[in-house]
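# Results of the structural survey
Read off the chains here:
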Amino acid sequence: MGGLRPRWTMGGLRPRWATLRTGVTTSAGAVLVVTSLLITACGGDGDGVVSGTSSSSAPVSTSNVYLDQRSQGVTQLLDALSTALRSGTPDQLAALLDPSINPALRARLQTVQDNLSSAVRRPDTPGRGKRLQLKEFRYQLAPTEEVETLVGADVQARLDQQGSSDTWVAPVELHVALGGVSTPGIDEDEVVIDTQLVAARYDDTWKLVGDSTLAGEPAPPTQMWDLPALAVADVPTAGGTSVIASYPDGADDSAATSGAPAPNSVAPGSVAPGSAAPGSTASGPTAEMVARIRSLLPGAIAAVSAFWGTGWPQRSVVVSTAADDQFHALAASATDTAAAATIYAHLDLSAGSVTGQRVLLTPVARDLPAPALGVVLRHELTHVATRAQTATTAPMWLTEGVAEYVGRKGTYTRPADAAPDLAAAVQAGDTPADLPTDQQFSVDAESSRMAYQSAWSVATFVAATFGEPRLRALYVAVGASSDATRADAALSATLGITRAQFVARWRAWLTAELR
């Protein structure tokens, strides 16, 4: 299994959250490149702080009544929008929207409210859990020194005809921290997502007109709560509450509506958090997948800690998608062959911190038997555990190899069973000449499966020859390296042999173990 490199990764995909660096690793094998999608709040490339100057030595007031009123009005709109989406009624949301708002944005906001607000009635989701309760969900204006962005002339003309006296493409931050079935739920740091919202003024009232696309900017990244019928289940794990998020497919819809209340109503009675009601016969592919993840997740986290140690959160958010377009939207990836990916919002290697990590499972994962799904979860959770100590340019033979080693440990009796394609090549006299390159891990490349198996064999060779503690030390030393020369030096310092000697001994091990 493998990993996509951040834009969010059977390893790590790298997400596309505005101005946040993100990363992704896929379980099929490829890694996408981390991408910053929006310009940061401060303009220019300099390291200093931009400050205003005056041609006069006399004190000059920086207050501007027009700008102050504008900020106050839009702040009130953002406060009301945050409340309406998180806990308001459909009428409260509708009152904030401009008549000319894009229908797609209106629908997305309604979906967010359906997913988050207990004031909106919706059918129960037996077997999948409950409505997500966020610990934090708040829009606010972002500080900026950039030149103001303007909407197109056609948009402005339409707003003028409606009687708008001002239009602002406002720089906005969405502050989010997950909860779960209840709050505080999973204990994770707040994530800040930078974006833009377009607002129009009518007398003293501001209305929401559009998002960044109305100003010609990229669409905001898709979040879990942007997709319909999100449900979550809480799972106790070693580091506290973990969360399983899921979406229904057609079979789930049929099971949920058979003898169930009509849409926009709620069945009487209650369901225990994160589980189906006692005696419930409701089922479906998603409910069954959630049950399987619930049973496997605590053990998968324990297995990762057994290798890596307990110095990581030992909890996770696992998202089970029911359709390819759901996975693609959340992972910002067009990958069709991966079984899973890990994504993150922000990585600070110098501080050893990472926020917004998620394990995304594709619909393909539903077809995996329990042992294979366990491999996928352990693989992806290894990326979650090691992310804060992994440079975005760390060699994939190490990052994917260690994840494969932890994922597959204890699942085979012979090395050839874990790497059948590699074993066949070695037995045919075609032993790899060198460590696999990053390019060979692309999920769309024919070499992907061989690259992952080769990476697994490298990690297994190190563990068998030098011991697991040295494999862990090798990951820390080489994984933090930002270039090949430093990585080779770190390898030599950790194992006491040169890179050439390392490759030669690995190749000899392959011949001995796989023939």
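Since the model is a prediction, treat every value here as computed from it, not as a measurement.

### Overview of the packing of aromatic side chains
Aromatic rings in a pair are described by how distant their centres are and how their planes are angled relative to each other. Scanning all chains against the criterion turns up 11 aromatic pairs. An aromatic cluster of at least three residues, connected via ring pairs, comprises Trp397, Phe461, Phe466, Phe502 and Trp509. The side chain of Arg472 reaches across the aromatic face of Phe307, ending 5.8 Å from its centre.

### Looking at the confidence of the model for the protein chain
On average, residues of the protein chain carry a pLDDT of 83, and 80% of them reach 70 or more. In the predicted structure, residues 1-61 sits below a pLDDT of 50 and forms 282 contacts with residues beyond four places in sequence or in another chain. Every residue in residues 254-282 scores below 50 in pLDDT, and together they form 29 contacts with partners more than four places removed in sequence or on other chains.

### Focus: the side chain of Thr431
Mapped onto the elements, Thr431 comes out in the loop between α11 (420-427) and α12 (448-466). Ignoring any residue separated from it by four or fewer positions in sequence, one finds Thr431 in contact with Ala425, Val426, Arg507, Leu510 and Thr511.

### Points about α11
Regarding α11, the residues found buried are Leu422, Ala423, Ala425 and Val426. Looking straight down α11, one finds that the buried residues subtend no more than 160° of arc, so they occupy a single side. Remark: Gly429 follows α11 within two positions and exhibits a positive phi of approximately 85°.

### With respect to the sheet that holds strand β3 (residues 166-177)
Taken together, four strands build an open sheet; the order of strands is β2-β3-β4-β5 and the sheet is antiparallel. Looking at strand neighbours, the two that pair on one side only are β2 (136-141) and β5 (205-211), the edges of this open sheet. The average undirected angle you get between the axes of adjacent strands in this sheet is 40°. As paired elements, β2 and β3 share six bridges and run antiparallel to each other.

### Overview of the pattern of salt bridges
With the rule as written, the count across this model stands at 16 salt bridges. Here Glu136 ties to Arg138 by a salt bridge, and the two come within 2.9 Å at their closest N and O atoms. Under the relative-accessibility criterion, Glu136 is labelled partly exposed at 21%. Connected through salt bridges with shared partners, the residues Arg70, Glu148 and Asp166 form a single ionic network.

### Here we look at the nonpolar core
Judged by nonpolar contacts, the single largest core of 59 residues is most densely connected at Leu361, Val402, Leu471 and Phe502. The element best represented in this core is helix α6 (residues 285-308), accounting for nine residues. Among residues more than four places away in sequence, those in contact with Phe502 are Trp397, Leu435, Val458, Phe461, Val462, Leu491, Leu495 and Ile497. Counting 49 residues, the second-largest nonpolar core is a separate cluster that includes Leu81, Phe137, Val172 and Ala331.

### Let's talk about the packing of helix α1 (residues 65-87) against helix α3 (residues 103-116)
Relative placement of two packed helices is described by the angle separating their axes and the distance separating the axes. Here α1 crosses α3 at 55°, and the two axes come no closer than 6 Å. Looking at the two axes, α1 sits oblique to α3. For the pair formed by α1 and α3, the contact residues are Ala84, Leu85 and Arg86 on the first element and Leu109, Val112, Gln113 and Leu116 on the second. Of the residues assigned to the contact of α1 with α3, the class counts are five nonpolar, one polar and one charged.

### Digging into the pairing of β5
Remember that side chains alternate between the two faces of the sheet whenever the strand is regular. Across the seven residues that make up β5, a large majority, five, are buried. For strand β4 (residues 191-202) and β5, the ladder comprises six bridges, and the chain directions are antiparallel. Looking at β5, one finds that Leu197 is bridged to Asp211. Following β4, the chain reverses through two residues before pairing antiparallel with β5; Asp203 in that reversal takes a positive phi of roughly 55°.

### Some thoughts on the environment of Val319
Checked against the element boundaries, Val319 lands in strand β8 (residues 317-320). The spacing of Val319 and Leu230 is 89 residues in sequence and 9.8 Å in space, taken between C-alpha atoms. Among residues more than four places away in sequence, those in contact with Val319 are Met224, Ala245, Tyr247, Leu330, Val359, Leu360 and Leu361.

Scoring rules and cut-offs
- Residues numbered from 1 in each chain as written.
- Predicted model: local features only at pLDDT ≥ 70, side-chain atom pairs only at ≥ 80, totals over all residues.
- Heavy atoms only, no water.
- Phe/Tyr/Trp six-rings, centres within 6.5 Å; stacked < 30°, edge-to-face > 60°.
- Lys NZ or Arg CZ within 6 Å of the ring centre and 35° of its normal.
- pLDDT = per-residue confidence, 0-100.
- Contact = heavy atoms within 4.5 Å.
- Helix = DSSP H or I, 4+ residues; strand = E, 2+ residues; numbered from the N terminus.
- Buried < 20%, exposed > 50% of the residue type's maximum accessible area, 1.4 Å probe, protein only.
- Arc of directions from axis to C-beta.
- Pairing = 2+ DSSP bridges.
- Axes fitted to C-alpha atoms, helices over the stretch in contact; angles between N-to-C directions.
- Salt bridge = Lys/Arg side-chain N within 4 Å of Asp/Glu carboxyl O.
- Core = buried A, V, L, I, M, F, W, Y, C linked by side-chain atoms within 4.5 Å.
- Parallel < 35°, antiparallel > 145°, perpendicular 65-115°, else oblique.
- Nonpolar A, V, L, I, M, F, W, Y, C, P; charged D, E, K, R; others polar.

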